[in-house]
Every structure is written in structure tokens, then in C-alpha cells.
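Chain residues, written in single-letter form:
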Amino acid sequence: MQIDKNMLDKLMNSDDEALKKQLMQIALAMGMDERKAKSFLEDLPRLKKKADAISQNDLDKITSAIDPGRLDEIKRAASKAVSESEQNTK
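What you see is a predicted model; the values in this text were computed from it and never measured. (Residues numbered from 1 in each chain as written. Predicted model: local features only at pLDDT ≥ 70, side-chain atom pairs only at ≥ 80, totals over all residues. Heavy atoms only, no water.)

Digging into the nonpolar core
Next, step 1: Grouped together as the largest cluster of nonpolar side chains are 23 residues, with contacts concentrated most on I3, L11, L19, L23 and I26.
Next, step 2: Not counting residues up to four positions away in its chain, the partners in contact with L23 are L11, L41, L44 and L47. (Core = buried A, V, L, I, M, F, W, Y, C linked by side-chain atoms within 4.5 Å. Buried < 20%, exposed > 50% of the residue type's maximum accessible area, 1.4 Å probe, protein only. Contact = heavy atoms within 4.5 Å.)

Considering the pattern of salt bridges
Next, step 1: The full count for this structure, using the stated rule, is three salt bridges.
Next, step 2: Among the ionic pairs, K5 bridges to D9, the shortest N-O distance being 3.3 Å. Of the two residues, K5 and D9 both sit in helix α1 (residues 5-12), four residues apart, roughly one turn of that helix.
Next, step 3: Overall, K5 belongs to the buried group, its relative accessible area being 19%.
Next, step 4: K48 is the partner of D16 in a salt bridge, and the nearest nitrogen-oxygen pair spans 2.8 Å. Residue D16 is found in helix α2 (residues 16-29), and its partner K48 is found in helix α4 (residues 44-53); the two are separated by 32 residues along the sequence. (Salt bridge = Lys/Arg side-chain N within 4 Å of Asp/Glu carboxyl O. Helix = DSSP H or I, 4+ residues; strand = E, 2+ residues; numbered from the N terminus.)

As for the environment of A81
Next, step 1: Mapped onto the fold, A81 is located in helix α6 (residues 68-88).
Next, step 2: A81 sits in the buried class, given a relative accessible area of 0%.
Next, step 3: Residues A81 and A27, spaced 54 residues apart in sequence, show a C-alpha to C-alpha distance of 12 Å.
Next, step 4: Contacts of A81, omitting those with residues within four sequence positions, involve L11, Q22 and I26.

Examining the packing of α2 against α6
Next, step 1: Closest axis-to-axis distance for the α2/α6 pair is 8 Å, and the angle between their directions is 170 degrees. As summarised for this structure, α2 and α6 are arranged roughly antiparallel, according to the angle between their axes. α2 and α6 meet at a crossing whose hand is right-handed. Where α2 approaches α6, its residues A18, Q22, Q25, I26 and A29 are matched on the opposing element by R70, E73, I74, A77, A78, K80, A81, E84, S85 and N88.
Next, step 2: Residue composition of the contact of α2 with α6, by class: seven nonpolar, four polar and four charged. (Axes fitted to C-alpha atoms, helices over the stretch in contact; angles between N-to-C directions. Parallel < 35°, antiparallel > 145°, perpendicular 65-115°, else oblique. Left-handed = near helix turned anticlockwise from the far one by under 90°. Nonpolar A, V, L, I, M, F, W, Y, C, P; charged D, E, K, R; others polar.)

Coordinates in, geometry out; function isn't part of it.
Set out below in C-alpha cells:
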């Protein structure tokens, strides 16, 4: 399982409430403080704009800098979030 642009795009196409929940799960998997994560998630339009601008090369650079154990946790959270997003759109 890889974090790729397709996965990111699917996630970002969730409705706002689902997206906040899913991004919170990913943020916590990253080890982010919950209060800081909530603050980070307050500006969804900005996050969506930044996510849209990220390339696969950018994602590869970001993920290569993360501890492999932590990256596995993030991948699991991201995969679960995308799966939930896909179920919500059906």
C-alpha cells in the first residue's frame, strides 16, 4: 500500500464533515496532538487547495522522510479513510 495522488484525491473529495473525521484519524496516526490537529482542520478550503497542488513526487518526498513504523500507521489510517469515503459516496 502506497500513499499516492489518487488516494489523496479520493480522500479530499469527501464531504467536509467526513473529511474532518478522516483527516483527524490520519493526523493522530502521524502523532499530532489532537488540539493542534483540530486547529489545523479548521480551514478545509485551504487544505483542499494545498492537497490539489501536491504532486506524486511531493508525496514520495514526504513519505520517504517519515519513520517506517509511523508511515505504516499513517498508511493504514489513510487507507481506512479512503475506504470510508468511497462507502459514503455509494
